[in-house]
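Each chain is listed here by its residues.
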Amino acid sequence: MAGHGAPEISPRTAVEAGSLSMAIIASRWHDRVMGGLVAGAQRAAAEAGIDAPVHWVPGSFELPVAAQAAAKKYDCVVALGVVIRGGTPHFDYVCAAATDGLARVALDSAKPVGFGLLTCDTEEQALDRAGLEGSNEDKGYEAATAALATADVLRGLR
C-alpha cells in the first residue's frame, strides 16, 4: 500500500513557532482528481491557520516554473498535478520534467516544495489518492503538511 509507514504530521504542529506563508500551484488537467488534491491542500493550510492562494497552470509540465516564481514570495509551495499513463512516452517525459523541475526549485530556492504530483497508470489509481470520498489517500493534504513541516525545520536551521 502506497501510504503505509507515512509519518503523521499535524499542520498545527508544523507552525507552532509562528506563521508561515504557502502557495498552492495546481494543474488544470483531470478536474475531479485535482479538485480533491486542491481541497486537501487547502484543508491542511486552514488547519495551520494559513490562507494559501491557489494558482492554476495548464498542466503538470508547467508546475516547476510557477513553483519557482512562488518560492520567491512564499515560505513554502505545494505543487499539485496528475499525469495518467497513456500509450505513448509522453507520460515519461512529463513526469520526469515535472519531478526534476520541482526538485530543482526546492534546492535552488532553499524552500520546500510539497510534491503532490500523482503519476498513475490509471484514472482509478489517481482517484484513490485524490482525497475524495472513498479515496484511500489524500495526497494534496500530505503534500501541504510535508511542505509546512519542512518550512518549520528550515526556519529553525537558519
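Please refer to the structure higher up on the page.
This text gives an overview of the structure that appears in the document. These numbers were taken from a predicted model, which means no experiment stands behind them. Think of each chain on its own: its residues are numbered from 1, step by step along the sequence as written. Local features in a predicted model are, by the rule used here, given only for residues with pLDDT of at least 70; side-chain atom pairs are given and counted only at 80 or more, and totals for whole chains, interfaces and linings are based on all residues. Values reported for side chains reflect all heavy atoms of the structure, with hydrogen atoms and water molecules removed beforehand.

## Comments concerning the side chain of S60
Then comes step 1: Summarising the element assignment, S60 is placed in the loop between β2 (54-57) and α3 (63-71).
Then comes step 2: One polar contact links the side chain of S60 to the main-chain amide nitrogen of V82, over a distance of 3.5 Å.
Then comes step 3: Residues contacting S60, with those up to four places away along its chain left out, are S27, G81, V82, V83, V94, A98 and L117. Going along the chain from the N terminus, every DSSP run of H or I of four or more residues is numbered as a helix, and every run of E of two or more is numbered as a strand. We call two N or O atoms a polar contact when they sit within 3.5 Å, provided that within protein one can donate a hydrogen and the other can accept it, with sequence-adjacent residues counted only if both atoms are side-chain atoms. In this description, contact between two residues means that some pair of their heavy atoms is separated by no more than 4.5 Å.

## Things to note about the side chain of K139
Then comes step 1: Along the chain, K139 turns up in helix α6 (residues 139-157).
Then comes step 2: Each residue is assigned to one of three classes by its accessible area relative to the maximum for its type, calculated with a 1.4 Å probe on protein chains only: buried under 20%, partly exposed between the two thresholds, exposed over 50%. Of the residues examined, K139 reaches a relative accessible area of 19% and is grouped as buried.
Then comes step 3: In this structure the side chain of K139 is engaged in a polar contact, spanning 3.1 Å, whose partner is the side chain of E142.
Then comes step 4: K139 has contacts with L37, L118 and R129, leaving out every residue within four places of it along the chain.

## Focus: the nonpolar core
Then comes step 1: Core analysis: the largest hydrophobic core is formed by 29 residues, its most contacted members being M22, V33, I50, V78 and L80.
Then comes step 2: Secondary-structure elements contributing two or more residues to this core are β1 (22-27), α2 (31-47), β3 (76-84), β4 (113-120), α5 (123-129) and α6.
Then comes step 3: Among the elements that line this core, the one with the most residues is α2, at seven residues.
Then comes step 4: Residues contacting L80, with those up to four places away along its chain left out, are I24, I25, A26, S27, M34, L37, V38, A41, L63, G116, G140 and A143.
Then comes step 5: Within this scheme, the nonpolar core is defined by two criteria: the residues are buried Ala, Val, Leu, Ile, Met, Phe, Trp, Tyr or Cys, and they are joined through side-chain atoms within 4.5 Å. Ranked by size, the runner-up nonpolar core spans 20 residues in total, among them A71, V77, L102 and L117.

## Describing the sheet that holds β3
Then comes step 1: Overall, parallel pairing links the four strands, which are arranged β2-β1-β3-β4 in an open sheet. Of all the strands in the sheet, the pair left with one neighbour each is β2 and β4. Taking each pair of neighbouring strands and ignoring which way they run, the sheet shows an average axis angle of 15 degrees.
Then comes step 2: At least two bridges found by DSSP between two strands is the condition for calling them paired. Judged from the eight bridges that link them, β3 and β4 form a sheet pairing that is parallel. To define axes, lines are fitted to C-alpha atoms, for helices over the stretch in contact only, and angles between the resulting N-to-C directions are given on a 0 to 180 degree scale.

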